[in-house]
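Examining the three-dimensional arrangement
Spelled out, the chains give:
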Amino acid sequence: MPPTMRAVRLEGPGQAVVRELPVPEVVDADWRVLQVERASICATDRKWFARGASEPRILGHEMVLRDEDGRLVGVHPEVPCRACKLCADGWDNRCHARYSVGLQADGALAERVAVREDRLVDLGELAADQGALLEPVACCWHAADMLGATEGDAALVIGAGAMGIISTWVLQALGARVVVMQRSPERRHLAAELGADAAIGPDDDPAEALGVQPRIAV
Ligand SMILES: [Zn+2]
Ligand SMILES: [Zn+2]
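Quick look at the structure, then. Quick caveat, the model's predicted, so the values are computed rather than measured. (Residues numbered from 1 in each chain as written. Chains lettered and ligands numbered in written order. Predicted model: local features only at pLDDT ≥ 70, side-chain atom pairs only at ≥ 80, totals over all residues. Heavy atoms only, no water.)

1. Some words on the coordination of the zinc ion (ligand 2)
- At 2.3 to 2.4 Å from the zinc ion (ligand 2) lie its protein donor atoms, namely C81 (SG), C84 (SG), C87 (SG) and C95 (SG).
- Around the zinc ion (ligand 2) sit 4 donor atoms, and with donor-metal-donor angles ranging over 105 to 118 degrees the site reads as tetrahedral.
- In terms of primary sequence, the donors binding the zinc ion (ligand 2) are separated according to C-x2-C-x2-C-x7-C. With respect to class, C87 is no different from C95; both count as buried. (Donors = N, O, S within 2.8 Å, 3.2 Å for Na, K, Ca; no water. Tetrahedral: all angles 85-135°; square planar, octahedral: opposite > 155°, others 65-115°. Buried < 20%, exposed > 50% of the residue type's maximum accessible area, 1.4 Å probe, protein only.)

What follows is the structure in structure tokens.
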């Protein structure tokens, strides 16, 4: 009998079931099956959970794994083809053939997961709990970087969901002051509690809240 593992599998709309399933197999030489140390649940998972997948699927694309040497590694969940022009030009995040571990392939809400070697990220000194948030932080960091956020900047973040809050922290880490615009008063309050320099409603003026017109918006 092949070795098995426990996994949470999405089997229909709103149906996430704990199953004993076969451990994934290494199909290509540059894939590895590693032990899951942490996996976090993001809004995409909640959407998939509500809607169900086209076939039974183990979700989980934000993860920290333990490699064969016992080291913690992060994972870039998207798997590009490495053969098309976009991949060759460094736009592998736009590759038309790319798919994501934890969405179009089985993911990390399990004891073990299959990942392609080139997708592994050295976590350095990061703890497992921090590493599990690497993917959303990287998205927000990339956006802030593309916008050229810098010391003394003024920024507007629209929406105080998880990505809005993380963007706020990233922009602040780069030296910007941040006003968060959010419709619901509860979330607005949360944004302020979590460190936004100002939190306003959709009818308020960001320039008034920050004292200057925001130069960038996320
Ligand atoms: Zn996600
Ligand atoms: Zn490609």
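2. Here we look at the coordination of the zinc ion (ligand 1)
- Only C42 (SG), H61 (NE2) and E62 (OE) from the protein reach the zinc ion (ligand 1) as donors, at distances of 2.1 to 2.5 Å.
- The sequence motif formed by the donor residues of the zinc ion (ligand 1) is C-x18-H-E. Here C42, found in the loop between β3 (31-40) and α1 (43-51), pairs with E62, found in strand β5 (residues 62-66); they are 20 residues apart in sequence, far enough to count as distant. By the burial criterion, C42 is buried, and E62 matches it. (Helix = DSSP H or I, 4+ residues; strand = E, 2+ residues; numbered from the N terminus.)

3. Digging into unusual backbone geometry
- Here the phi dihedral of R82 falls at roughly 65 degrees; this positive angle occurs in a residue that is not glycine.
- As for its placement among the helices and strands, R82 is situated in the loop between β7 (78-79) and α2 (85-88).

4. So, a negative patch on the surface
- Residues D203, D204, D205 and E208 make up a contiguous surface patch of negative charge.
- Examined against the element boundaries, D204 turns out to sit in the loop between β13 (198-200) and α7 (206-210). (Patch = residues over 30% accessible without salt bridge, like charges linked within 9 Å, V, L, I, M, F, W, Y side chains within 5 Å. Areas by Shrake-Rupley, 256 points an atom, 1.4 Å probe, with all protein chains shown as cover. Salt bridge = Lys/Arg side-chain N within 4 Å of Asp/Glu carboxyl O. Lys, Arg positive; Asp, Glu negative; His and termini not counted. Charge placed at Lys NZ, Arg CZ, Asp CG, Glu CD.)

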